[in-house]
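In case you want the letters, here they are:
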Amino acid sequence: MDASEPGHFDVVLMDIQMPVMNGLEATRRIRESARDDLRALPIVVLSANAFTEDVQESKRAGADDHLSKPISIKDLAATLGGILGRA
């Protein structure tokens, strides 16, 4: 992401289960970026982990929201609309 032009991304849909680095660590690294635009970039975690503690862990990592799989289009649209100010 650091190689992208500032403002290139509007939002990140972050899966927790990824092969090289899990999504929570990737979220932490984005939040620790030297770039202001990346630190402020909205991040929505997508996960089959749906317990309260899973949602709290996502928030502690810096996610703006956490959606449990299977994801409904209605919930995704409402979440993105709220985060992006288009509710």
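Scope of this entry: the structure provided in the associated data block. (Residues numbered from 1 in each chain as written. Predicted model: local features only at pLDDT ≥ 70, side-chain atom pairs only at ≥ 80, totals over all residues. Heavy atoms only, no water.)

1. Focus: the side chain of Ser33
Step number 1: As for its placement among the helices and strands, Ser33 is situated in the loop between α1 (23-31) and α2 (36-39).
Step number 2: The exposure class of Ser33 is buried, given its relative accessible area of 9%. (Helix = DSSP H or I, 4+ residues; strand = E, 2+ residues; numbered from the N terminus. Buried < 20%, exposed > 50% of the residue type's maximum accessible area, 1.4 Å probe, protein only.)

2. So, the nonpolar core
Step number 1: Core analysis: the largest hydrophobic core is formed by 7 residues, namely Val12, Met14, Ala26, Ile30, Leu38, Leu41 and Ile43.
Step number 2: Counting only elements with at least two residues in this core, the list comes to β1 (12-15) and α1. (Core = buried A, V, L, I, M, F, W, Y, C linked by side-chain atoms within 4.5 Å.)

3. Looking at the pairing of β1
Step number 1: Taking every second residue as pointing to the same face, the buried face of β1 carries Val12 and Met14, while none of Leu13 and Asp15 on the other face is buried.
Step number 2: Here β1 runs beside strand β2 (residues 43-47); their pairing, made up of 4 bridges, is parallel. Counted as the bridge partner of Leu13 is Val44 from β2. (Pairing = 2+ DSSP bridges.)

4. Observations concerning the environment of Met21
Step number 1: You can see Met21 is positioned in the loop between β1 and α1.
Step number 2: In the structure, Met21 is positioned 18 residues away from Arg39 in sequence and 18 Å away in space, judged by C-alpha atoms.
Step number 3: Once residues within four sequence positions are removed from consideration, Met21 is found in contact with Ala26 and Arg29. (Contact = heavy atoms within 4.5 Å.)

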